Each structure stands twice: as structure tokens, then as C-alpha cells.
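# Architecture at a glance
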Amino acid sequence: MNAHEEDRIKQLFKQAMPPAGDTEPERDLWPAMLRRLDARPAPVPWFDWALAGGLALFAVVFPASIPVFLYYL
Amino acid sequence: MNTHPYLRAFLAGILVPTLVLPLMLTGFIVLRLWLQISAPIERALVFPMALVPGLWGLWNMFWIGSHVRTHLSVGPHGAILPLLMLPLGTLAATHLGVLELGSAHAIWFGSLYIPYGLIALGWAAAMAAYYLVWKYVVGFLNRTLGIA
């Protein structure tokens, strides 16, 4: 491969893979990341609290159900 | 962390019932060896020890494979599992002599008389318990293992 062919291959490579250009993000992403890190987890909905309370009440009112529950768990 | 999602789903699924097993074994030792209770406890342990953990793992694998199409979150998906487990467990319990089905009562462990109305209520309670455990525990494990 002579020098002319090498230059030609370099030129073809440059044409096939143009420079990436500006790779910086359009805006600063770090504040959004900080907001996400500081965000509190979603609160437990009232429906789930009601279900948990109902289950506790069920276990208190019908304690005989506890071994049956354990059997199915 | 993007490899073997079904293996990780299985492991996340079996964790909760696997953690409960030592408690059940402790209860068995206390009831049988210490309190000398003659109920058929060892036969009752077959279903929760041999089948339940595998069912939880398979059910979590099924969720991983299906929730992209069904868009069902993990809590309601887990709440469906008792619909499968209760008939299976009841079948196993009757064949193992743990459960007798009477005309008005089901007799568990030869001593617990539970009316069928209460069993229906307990079924709903089981679905609620499974909903909460799958939403908060299995969901947390799935997120921790990078599969949800």
C-alpha cells in the first residue's frame, strides 16, 4: 500500500465517521440529579394502611386463622 | 446486571417464604417437642416447605415475563397468587390428613374448627396480605436486583 492509497483510506474513514461534534448536554444535569437524590420516597397510600390495619384486626379477632395463614405462606 | 433476569426474579421471589421457614421450624419444635402437642404438624410442613417458595419464585418469574404486556404492577400480581395456592394447599392438606372438610366447618390440624364463611373472609385477607407483601417486599427486592 503506497502513501497515496493510505491517504485515500484515511479520507474515506473520515467521510464514513464524521466527528461527533458538540457532545456536551444542552443543560446542566447535576441539579436534577441532586433533586432526585433529595426527594423523599413516595408515601404509603391510605388504602395500604387500611389493608394492613384490617389484617391486624382479622388476626386479633380470629387468632385461629394464624396457623392456617402460616400453612399457606 | 442485565443478565439472567429470570434467575434473579426467582431468587427475589423465594426470599420471603424462605425467611419464614426457620420461624415455622422453631414453632414446630416448640409445639411438638416442648409442649408435646400431638397435631400432625410435620405433615402440615410439607406444603409450605416444599412447594410455597418455588411457587413464589415462579410467580415472580411470570411477572417479569408478563408485566410488559399486562402492565400489571407487582402488588396486584402477587394478590392473584392465593387464587392458585389456596386450592393447591387445600388439596395437599386434605391428602396429608391435616385438613378435614365437614358439612359446615373445615377442621384444621384435628382441632381448629373453622366455618366456611370465615374461610371466605380469610381468603380475602390472604389476598390483601399477599398484595402488601408483594408490593413492598418483593417489589423492593426486584428493584434492588435490577429487574424492575
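An account of the accompanying structure is given in this report.

About the criteria used
Residues numbered from 1 in each chain as written. Chains lettered and ligands numbered in written order. Predicted model: local features only at pLDDT ≥ 70, side-chain atom pairs only at ≥ 80, totals over all residues. Contact = placed C-beta atoms within 7 Å. Helix = DSSP H or I, 4+ residues; strand = E, 2+ residues; numbered from the N terminus. Nonpolar A, V, L, I, M, F, W, Y, C, P; charged D, E, K, R; others polar. Buried ≥ 20, exposed ≤ 12 C-beta atoms within 10 Å, placed from the backbone.

Once that is clear, we can look at the interface of chain B and chain A. On the side of chain A, 16 residues touch chain B, which itself brings 22 residues to the contact. Elements that contribute at least two residues to the side of chain B that touches chain A include exactly helix H1 (5-34), helix H3 (46-70), helix H4 (74-95), strand S3 (112-115) and helix H5 (116-144) of chain B. If one sorts the elements of the side of chain B that touches chain A by residue count, H5 of chain B sits on top with eight residues. Within the side of chain B that touches chain A, the residues separate by chemical class into 20 nonpolar, two polar and no charged.

What follows is about unusual backbone geometry. Residues and elements named next belong to chain B. At His-4, a residue that is not glycine, the phi angle is positive and equals roughly 50°. Relative to the elements of secondary structure, His-4 occurs in the segment before H1. Its 11 C-beta neighbours within 10 Å are what place His-4 among the exposed residues. The backbone of His-71 sits at a positive phi, close to 60°, despite the residue not being glycine. Tracing the chain through its elements places His-71 in the loop between H3 and H4. With 7 C-beta atoms counted inside 10 Å, the residue His-71 sits in the exposed group.

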